[in-house]
Amino acid sequence: MSDWAKKQKERQRQIKQAGLGSKSHKWLYLLVLIIGLGLPLVGLGAYFYQNYEPKTELEVAGNIIIVRKGGDFQAALNRAKAGDTIQLEAGSTFKGSFVLPKKDGNQFITIQSSEVAKLPKENVRINPKDAPLMPKVVTFGKNEPVLKTVAGSHHFRFIGVEFSVSTPQDEAWKLITIGDDEQKSLEQVPNNIVFDRCYIHAHLQQTGRVRSGISINGSKIEILNSYLSGFRLPDDEGHAIVAWNAPGPFRIINNYIEAAGINVLFGGAWAYKGMNPADLEFRYNYLSKHLEWRGKQKVKNLFELKDMRRAIIEENVMENNWASGQDGTAILFTPASFQSGPDARVEDVVFRSNIVRRTANAITMTGTDYGDKNYPNIPVQNSRVKFENNLFSEVSRKFGDGSSGKFLLLTSGAGPDDLVFNHNTIENEGTLIYFDSGPHNNFTFTNNTANHNEYGVFASGKLGSGIGTLGLQKYAKKYLFKKNVIVGANASQYPTDNFYVSTLGNINNYKGKGTDGKDLGADILMLKEMEKKVMAGIR
């Protein structure tokens, strides 16, 4: 065979091998394509397999709709008519973002546990140990609330239902959302919605962001005998209960309310004309923060009103607040026209027979909002507030710093006006009253017991500075400062007709010495009995 023939034979062999290789690569590419398309489909199938819950049929008996494990809760909500009862099987989990539809009629649709008869009776608070007797309604992990309303949703009552996230990683800006930012008329506002003996909480090992437990932007909203817990964030304020674009009224009675940032907040975001919060009844609640959250979660206050007309806050226990996101003041009455709109007010509020304890500072009040573009040329936004028969204990620097321990800070513009403190027992380690701005029309401080410490009644601001009478004269127009026991004060610096002593001594020394013939300070025996009931959750 010639050299040329040998070369041609070798070339044919190489071409044949190259052809086989191309064919092999085609099969390889096809296999990769199948795998590439198939794996996502397999993963998607696995996801649906894990999350799919086969629906069982609803059972209907008269006006009772029974939803057993695997049943369609949303279908039951859609089907129910005024006066119906939806019975959810206790121990079952219902996952989703459920919507309360707008219905005809004005009778309640009641959603309750199948074991409601075994839960604590009416007017008795539930706690986490009651959870096995409840159905569990949980999020499905897409930053959607577990329960929400449509415009005009009304007359829904939940009894003995647990609401939470499905996993620690789930996120929900607000776990339950009643109403929204956009409602501008009463016809749009959800109304007559009640949560009674419900367990509303973040996950114990929560890592996803759940900022608020329940937003109640509605009318005739009630939260009763319930347990709200675990709402905390390390870098933002978490709330248990919040409302801002919400005309009220509200009844919040006999609940355990726990959050790191602000346990209860009204106002702080925009309210349309006629939507400012009003008419709050807040009684027999226990507000607290876990002390082990200190240094881990962002903490601000226990109770704050930035926008509220007419409220009674009575016979509550509020405890554990420290400097973190703010200076650690427990109670804030701070009208916020910059955040909540020009009609924001804090007016006609009674804060009576409460125990506030273990906090860096007790109370901060502002007369106007320094953030308002027209500040300081705006009218007083905070007026007619009364603090009466309260015990403020352990108002202490150990929950803050050297400037902590203040009982009352009055700051930001003119007002508050018509402010009354009467028959309070105040155990403060720092300044008693700090006037930072003013003037304040009609300031009354009578029949209280308190500590003077270094500064006592202290004024420092644009109107001048001074201690005692001098500070009162500069910042309080028409003040009444009478029949108070001020431990450690120099009598020469203060108004007459008070008790300036080195130690409190025997409280019996002040029996019947009040302007009204009553004992000075709060009625401690009454408050101790109240505390027992509030801590036990029985009213």
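These figures come from a predicted structure and were not determined experimentally.

Novice: Explain the overall build of the protein to me, please; I cannot follow it from the model alone.
Specialist: Secondary structure assignment for the protein yields five helices and 42 strands. Evaluated residue by residue, the protein yields a buried proportion of 54% over its 539 residues. Summarising the internal contacts of the protein: among those between residues at least 6 apart in sequence, 78% fall at separations of at least 24. Total accessible area on the protein stands at roughly 23,700 Å², and carbon and sulfur atoms take up 53% of it.

Novice: Before we go on, may I ask you to explain the packing of aromatic side chains in this structure?
Specialist: One pair of aromatic rings is described through two measures. These are the centre distance and the angle between the planes. By the definition in use, this model includes 27 aromatic pairs. Between Phe351 and Phe387, the ring centres sit 5.2 Å apart and the planes meet at 45°, which makes this aromatic pair tilted. Here Phe351 is found in strand S27 (residues 346-352), whereas its partner Phe387 is found in strand S30 (residues 382-388), with 36 residues between them in sequence. Since its relative accessible area comes to 0%, Phe351 is described here as buried.

Novice: Sorry, what's going on with the pattern of salt bridges here?
Specialist: Oppositely charged side chains can form a pair if their charged atoms are brought close together. The full count for this structure, using the stated rule, is 31 salt bridges. Across the pair Glu144 and Lys148 runs a salt bridge, and its minimum N-O distance is 3.2 Å. Here Lys148 falls in the partly exposed class, since its relative accessible area comes to 25%. Here Arg209 makes a salt bridge to Asp235, at a shortest N to O gap of 3.0 Å. Within this pair, whereas Arg209 is found in the loop between strand S13 (199-201) and strand S14 (210-216), its partner Asp235 is found in the loop between strand S16 (227-231) and strand S17 (239-243), the two being separated by 26 residues in sequence. Using a relative accessible area of 30% as the deciding quantity, one classes Arg209 as partly exposed.

Novice: I keep staring at the pairing of strand S25 (residues 317-321) and nothing clicks. Help me out?
Specialist: A regular strand carries its side chains on alternate faces of the sheet. Within S25, five of the five residues are buried, which leaves the element mostly enclosed by the surrounding structure. Note: S25 against strand S28 (residues 355-359), four bridges, orientation parallel. Within S28, the position partnered with Val317 by the bridge is Ile355.

Novice: In this structure, what is going on with the confidence of the model for the protein? I would like to understand it.
Specialist: As a note on interpretation, predicted positions should not be read in detail where pLDDT is low. Summing up the model confidence of the protein, the mean pLDDT is 91 and the portion of residues at 70 or higher is 90%. Contacts for the low-pLDDT stretch residues 39-52, under 50 throughout, to residues beyond four places or in other chains number two contacts.

Novice: How should I be thinking about the environment of Gly517 in this particular structure?
Specialist: In this fold, Gly517 is placed in the loop between strand S42 (499-501) and helix H5 (524-536). Residue class for Gly517 comes out partly exposed when judged on its relative accessible area of 48%. Taking the C-alpha atoms as reference points, Gly517 and Asn447, separated by 70 residues in sequence, lie 9.9 Å from one another.

Novice: Teacher, can you tell me more about the pairing of strand S20 (residues 262-266) here?
Specialist: Across the five residues of S20, five count as buried, placing the element largely inside the fold. Two elements, S17 and S20, share four bridges in a ladder whose sense is parallel. For Ile241, the partnering residue across the bridge sits in S20 and is Val264. Relative to strand S23 (residues 301-305), S20 runs parallel, the two being bridged by four bridges. Each residue of the ladder has a partner; that of Val264, found in S23, is Phe303.

Novice: Help me understand the side chain of Thr368, please; the structure alone is not making it clear to me.
Specialist: Mapped onto the secondary structure, Thr368 falls in the loop between strand S29 (361-366) and S30. On the accessibility criterion, Thr368 (1% relative accessible area) is buried. Setting aside chain neighbours within four positions, we find Thr368 in contact with Pro335, Tyr375, Ile378, Pro379, Val380, Gln381, Ser412, Gly413 and Ala414.

Novice: Help me out: how do you make sense of the side chain of Asp307 in this one?
Specialist: Relative to the assigned elements, Asp307 resides in the loop between S23 and strand S24 (308-314). One polar contact links Asp307 to Asn276, side chain to side chain, over a distance of 2.7 Å. With sequence-adjacent residues up to four places away left out, Asp307 is seen in contact with Phe266, Gly267, Ala271, Asn276, Pro277, Ser340, Asp343, Ala344, Arg345 and Val346.

Novice: Sorry if this is basic, but what is going on with the nonpolar core here?
Specialist: Burial of nonpolar side chains together is a common tendency in soluble globular proteins. Counting residues in each nonpolar core, the largest one holds 92 residues, and the members touching the most others are Ile86, Phe158, Phe163, Phe303, Phe333 and Phe443. Apart from residues lying up to four places away in sequence, Ile86 is in contact with Ile65, Val67, Phe73, Ala76, Leu77, Ala80, Ile109, Thr110, Ile111 and Gln112. Ranked by size, the runner-up nonpolar core spans 15 residues in total, among them Met134, Tyr256, Ala522 and Met530.

Novice: Explain the environment of Thr364 to me, please; I cannot follow it from the model alone.
Specialist: Checked against the element boundaries, Thr364 lands in strand S29. Apart from residues lying up to four places away in sequence, Thr364 is in contact with Thr329, Ile331, Leu332, Phe333, Thr334, Leu409 and Thr411.

Novice: I'm lost on unusual backbone geometry in this one. Help?
Specialist: Look at the link from Tyr375 to Pro376: it is a cis peptide, with omega at 5°. In this structure, Pro376 sits in the loop between S29 and S30. Residue Pro439 is bonded to the preceding Gly438 through a cis peptide linkage, with omega at 5°. Of note, the phi angle at Asn123 is positive, near 70°, even though the residue is not glycine. When you line up the elements, Asn123 lands in the loop between strand S6 (109-113) and strand S7 (136-138). Take Asn123: its relative accessible area is 31%, and that puts it in the partly exposed class. We note that Asn442 has phi near 60°; this positive angle belongs to a residue other than glycine. Here Asn442 shows up in strand S36 (residues 440-446).

Calculation notes
- Residues numbered from 1 in each chain as written.
- Predicted model: local features only at pLDDT ≥ 70, side-chain atom pairs only at ≥ 80, totals over all residues.
- Heavy atoms only, no water.
- Helix = DSSP H or I, 4+ residues; strand = E, 2+ residues; numbered from the N terminus.
- Buried < 20%, exposed > 50% of the residue type's maximum accessible area, 1.4 Å probe, protein only.
- Contact = heavy atoms within 4.5 Å.
- Areas by Shrake-Rupley, 256 points an atom, 1.4 Å probe, with all protein chains shown as cover.
- Phe/Tyr/Trp six-rings, centres within 6.5 Å; stacked < 30°, edge-to-face > 60°.
- Salt bridge = Lys/Arg side-chain N within 4 Å of Asp/Glu carboxyl O.
- Pairing = 2+ DSSP bridges.
- pLDDT = per-residue confidence, 0-100.
- Polar contact = N/O pair within 3.5 Å; in protein donor to acceptor, adjacent residues only side chain to side chain.
- Core = buried A, V, L, I, M, F, W, Y, C linked by side-chain atoms within 4.5 Å.

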